[in-house]
Amino acid sequence: MTNTQENLARQSIASGFSFLGQEAGFEISESSIEYWADDSYQLALFVGILNTFKVAIIGNFLAIILGIFVGIFRLSPNWLLSKLSESYIELARNIPLLLQLFFWYAVFTEIFPDVKESLNPIPGVFISQRGFFFPIFKEHFIWKWVWMTFIGGGLLTYGTSLFLNKLREKTGEKKSLLPFGLLFLFVVPILIWFFGGAPHELDIPQLGGFNFSGGMTLTPEFVALMLGLVIYAGAFNGEIVRAGIESVSRGQWEASQALGLSRWQTLRLVVLPQSLRVIIPPMTSQVLNLIKNSSLAVGIGYPDFVAVANTTMNQTGQAIEAVILIMGVYLFFSLSTSFVMNRYNRSQQLKERGA
Amino acid sequence: MNLKYTKNPEKRSLPLMQGLAVWMKKNLFSTPLNSAISLVLLGLLFKALGPLFYWLVVNSTWEGTAQTCRHNDGACLVFIKEKFVFILFGFYPRELLWRPVVAISLFIGLCLYSRDVKRWNKLLLWRWLKLILLCAFLLKGGLFGFEAVSMDRWGGLPLTLILAFIGLIFSYPIGILLALARTGSLPLIKALSVSYIELIRGVPMISLLFMASVMFPLFMPDGIVLPKLLRAQIAIIMFMSAYMAEVVRGGLAAVDKGQYEAADALGLMYWQKMLKVILPQALKIVIPPTVNTAIGMFKDTSLVVIIALSDLLMTTKTSLKDPKWLGFSVEAYLFAALIYFIFCFSMSRYSKRLEQVFSYGGRS
């Protein structure tokens, strides 16, 4: 401890977190909230947390879907499909993630053309070294309401499905969820959009000077990070799903076949629900791994939390505080994820026993 | 009696073309849906592999300079030819290159020799110890007229192998100790071990490497500077020990309760019980996941790039900075990926084989 204090004193670094209030003085290339270089370190770090969060949510969502497909394909009776999935898994698992990230980033910056000669596969969509550019709808107050009713509709649909399930358990009557879902998710938001003036003007990316303006942009850093993380984690998730499906005994397959269920029905209604019990615990650690691995973003310059904390550390010299912050934030992410996943796991386990 | 088991006797008797047709009918075109999937996949494969083939083989450049490469569309293999020594060995003095080459060959040779489970004994352990000393001497030099090479000139594949291998041989025993502490009955030690393991497993490895590169120097007494390589190595060991501990804990839990009780009944002390009865069984059970953790560690050594240590990935990145050879990243990364893949894939195959060995009569 005395060593540390002497060393800090020599480099004239004040310990403590008071630096958080100071002006950060660096730009962050992409941010979900308003941030300027003269904002505080606190806000800069918060932008980093939001970016990490964004990557974690989208990345895990895509990686789990990819994993489910790959795991099912891996067990397909079709030789070609199964072998292709296997090769993908082996290839993605046995190459370091950081190398894969560098690779995808290099593909973007070296193979895709300069902004001036952007690829233009569909009108309004541009691909270049600077990223993907899409058109989006021009800002209008009604879009906010459309989105809110859409999300509310999703919750309502979920509630209805629970209610219909209860109803079926009580009366044995099976009612389709489809009309309710269509109503809540599409009809209501579309009506709101229509009566709100039906805004349909597009904000199309325009080439001006050195880059596009307008529309929506996915930066090469973000796309490369997503590609790398999803491809890497998808392979591990695929193996987990495969192991889960294989853990369900053959008798279940045969029994469902005897009942006249198709292969797809068997998988969806009989095997997957049972395999969830085996899948969820290792999947939890994979979800956590993806969150932790997203910290490699610092290697290709995506401004995630570690990247911002690293810049902060270099500028202020507050090494101990920065490392503590990094550890604290990731611990928070890890603990809250395991909390959610454990709850989900418990719900699956209970159903198992009740059945 | 000479009975030979063949899996599918009638299939053997078919002529080749007919056999192929039967196989295709069964595996690719069994149902209309399957046929459709197969055709779509074949189409996609053709679409993807065609350009790849053209890029890598037909249009690739094997001779010439960067200019020739830029002129051609294909892969620039001249770049790899030019740079592979640097990618593999970093800034190691060119005239002494035979030393890391010999060290790596010996290392890989002994790895291959140790593949067979039957050869696992004390003698092998001694051989490994001798090998480590020999390799360290070869890389470092400074004795018997061998020119000394300073640690910051080590790089490329040897550095990656050192980080992974030294990481493994230290994190394994530390992991065992942590696992014993976690499953033991001493509350304070148990709490310490649990918090260490969960803390480390909850944070990304990068944060540990940052800690090693920027925090360790602050903790050191005046005048003592640990080389960066050593600090990174300590971070890797700290990180991997936590993961090893969880693997070993799985093994400890998998050993039959009766074994613990029998050892207690014989009046063995705690350490006798663990060293002579429980650990030999527990460690054997978890050999396959241990190898998997080792693969993970091998891949994770690449993270030292972030703190600018010249491991294999870093030398690859550095080779791209050469102003004469700008713009061949894809070739360089594919080359590095191939090396990593060869190592990781053979380890994972080996882990699969060990799994079989230990599940069928590996108890002897």
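Residues numbered from 1 in each chain as written. Chains lettered and ligands numbered in written order. Predicted model: local features only at pLDDT ≥ 70, side-chain atom pairs only at ≥ 80, totals over all residues.

Colleague: Would you mind showing me how to read the overall build of chain B here?
Modeller: Broken down by element type, chain B carries 16 helices and zero strands. Relative to the 2.2 N^0.38 estimate, which gives 21 Å for 364 residues, the radius of gyration of chain B is 26 Å and therefore markedly larger than a compact globule would have. Dimensions of chain B, computed from C-alpha atoms along their principal axes, come out at roughly 70 × 70 × 40 Å. Across the 364 residues of chain B, 32% fall into the buried class. Contacts in chain B between residues far apart in sequence, at least 24 positions, make up 66% of those at least 6 positions apart. (Helix = DSSP H or I, 4+ residues; strand = E, 2+ residues; numbered from the N terminus. Rg over C-alpha atoms; globule rule 2.2 N^0.38 Å. Buried ≥ 20, exposed ≤ 12 C-beta atoms within 10 Å, placed from the backbone. Contact = placed C-beta atoms within 7 Å.)

Colleague: Looking at this structure, I do not really get the interface of chain A and chain B. What am I missing?
Modeller: Taken together, the contact pairs 39 residues of chain A with 39 residues of chain B. The greatest single-element share of the side of chain A that touches chain B, amounting to nine residues, is contributed by helix α11 (residues 319-354) of chain A. Considering only residue class, the side of chain A that touches chain B consists of 27 nonpolar, eight polar and four charged. (Nonpolar A, V, L, I, M, F, W, Y, C, P; charged D, E, K, R; others polar.)

Colleague: Would you explain the confidence of the model for chain A in this entry?
Modeller: Of all residues in chain A, 91% attain a pLDDT of 70 or more, and the chain-wide mean is 81. Of all secondary-structure elements in chain A, the lowest mean pLDDT belongs to helix α1 (residues 2-10) of chain A, at 66, while helix α7 (residues 220-247) of chain A reaches the highest, 91. (pLDDT = per-residue confidence, 0-100.)

Colleague: What is the right way to read the pairing of strand β2 (residues 131-134) of chain A from this model?
Modeller: Regular strands place side chains that alternate from one sheet face to the opposite one. Both strand β1 (residues 126-128) of chain A and β2(A) contribute to a ladder of three bridges, which runs antiparallel. Following the sheet pairing, Ile127(A) is matched in β2(A) by Phe132(A). (Pairing = 2+ DSSP bridges.)

Colleague: Explain the nonpolar core to me, please; I cannot follow it from the model alone.
Modeller: Leu99(A), Leu101(A), Leu225(A), Leu209(B) and Ala336(B) are the most contacted members of the largest nonpolar core, which totals 145 residues. Counting residues per element, this core draws most heavily on helix α11 (residues 228-254) of chain B, at 14 residues. Apart from the residues within four sequence positions on either side, Leu101(A) is in contact with Ala224(A), Leu225(A), Gly228(A), Leu296(A), Gly299(A) and Ile300(A). (Core = buried A, V, L, I, M, F, W, Y, C linked by C-beta atoms within 7 Å.)

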